[in-house]
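# Per-entry structural report
Next come the chains, spelled out residue by residue.
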Amino acid sequence: DAGITQSPRHKVTETGTPVTLRCHQTENHRYMYWYRQDPGHGLRLIHYSYGVKDTDKGEVSDGYSVSRSKTEDFLLTLESATSSQTSVYFCAISLTGGNGYTFGSGTRLTVV
Amino acid sequence: GQQLNQSPQSMFIQEGEDVSMNCTSSSIFNTWLWYKQDPGEGPVLLIALYKAGELTSNGRLTAQFGITRKDSFLNISASIPSDVGIYFCAGKSSGDKLTFGTGTRLAVRP
């Protein structure tokens, strides 16, 4: 086990409601990433963090925000969920950044 | 943003066959990686390549870092049923994040 857990594993929510996904690591890695996986698009970067309180946007960041108040936790928030945000969300961690990511098992989010 | 195109998008395999897939980019990368994703799980790193022309093996898997630095190839020899899944290439140009390809889905030929 790589020491990275995502919660919840599955969630169904209604359009317009806020949703927070959690990524927790026990590896003390500096870098953490949130990706979404959709058919035909592969994995696309939403936001990433290179340290506590240091975050940056990825290629599909609209409608998402993140927070990292502790090394071990990286939260992804959908302020007002839309059906286009139905996806599988993966968190990843990296010791050095950009090499050899370790992924969590994913959160399947359905917005109805 | 950078685009990574993987080919083929999907393929069927029969046990014992060799499999080839590739990944091409519109820009240069300094690092290429290959991941495999099993159903219901996150991707797992298979092979990492750090130098143009590099050829690296991991068991039955062999990957190459293209000379132009804009492509990479993955070969699987003598495929077995547990090879099914989605294979992703990923590249790093600079900075601290990877760009992933669209994936190649391997399935067993019925």
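Look above for the structure.
In what follows, the accompanying structure is described.

What counts as what
- Residues numbered from 1 in each chain as written.
- Chains lettered and ligands numbered in written order.
- Predicted model: local features only at pLDDT ≥ 70, side-chain atom pairs only at ≥ 80, totals over all residues.
- Heavy atoms only, no water.
- Helix = DSSP H or I, 4+ residues; strand = E, 2+ residues; numbered from the N terminus.
- Buried < 20%, exposed > 50% of the residue type's maximum accessible area, 1.4 Å probe, protein only.
- Areas by Shrake-Rupley, 256 points an atom, 1.4 Å probe, with all protein chains shown as cover.
- Lys, Arg positive; Asp, Glu negative; His and termini not counted.
- Charge placed at Lys NZ, Arg CZ, Asp CG, Glu CD.
- Rg over C-alpha atoms; globule rule 2.2 N^0.38 Å.
- Contact = heavy atoms within 4.5 Å.
- Pairing = 2+ DSSP bridges.
- Axes fitted to C-alpha atoms, helices over the stretch in contact; angles between N-to-C directions.

Right, let's talk about the overall build of chain A for a bit. In terms of regular secondary structure, chain A is built from zero helices and 11 strands. Overall, chain A is about 35 × 25 × 25 Å in size when its C-alpha atoms are taken along their principal axes. By residue count, 49% of the 112 residues in chain A fall in the buried class. Summing over all exposed atoms, chain A offers an accessible surface of approximately 5,100 Å²; the carbon and sulfur share of this is 47%. Counting 11 positive and 11 negative side-chain charges, chain A places the centres of these two groups 2 Å from one another.

Helix and strand counts for chain B stand at zero helices and 11 strands. Taken from the N to the C terminus, the helices and strands of chain B come in the order β-β-β-β-β-β-β-β-β-β-β. The C-alpha atoms of chain B give 13 Å as radius of gyration, which agrees with the globular expectation for 110 residues (13 Å, within 12%). Dimensions of chain B, computed from the C-alpha atoms along their principal axes, are close to 40 × 25 × 20 Å. In chain B, buried positions account for 44% of the 110 residues. Long-range pairs, those at least 24 residues apart, make up 52% of the contacts in chain B between residues at least 6 apart in sequence.

On to the sheet that holds strand 8 (residues 73-78) of chain A, then. Residues and elements named next belong to chain A. The strand order across the open sheet built from four strands is 1-3-8-7, with neighbouring strands paired in antiparallel fashion. Sheet topology places strand 1 (4-7) and strand 7 (64-70) at the edges, where each strand pairs with a single neighbour. Put simply, the sheet's adjacent strands are angled 20 degrees from each other on average, direction ignored. Inspection of the sheet shows strand 3 (residues 19-25) paired to strand 8 by six bridges, in the antiparallel sense. Paired with Thr20 across the two strands is Thr77, which belongs to strand 8.

Just geometry here; none of it tells us what the structure is for.
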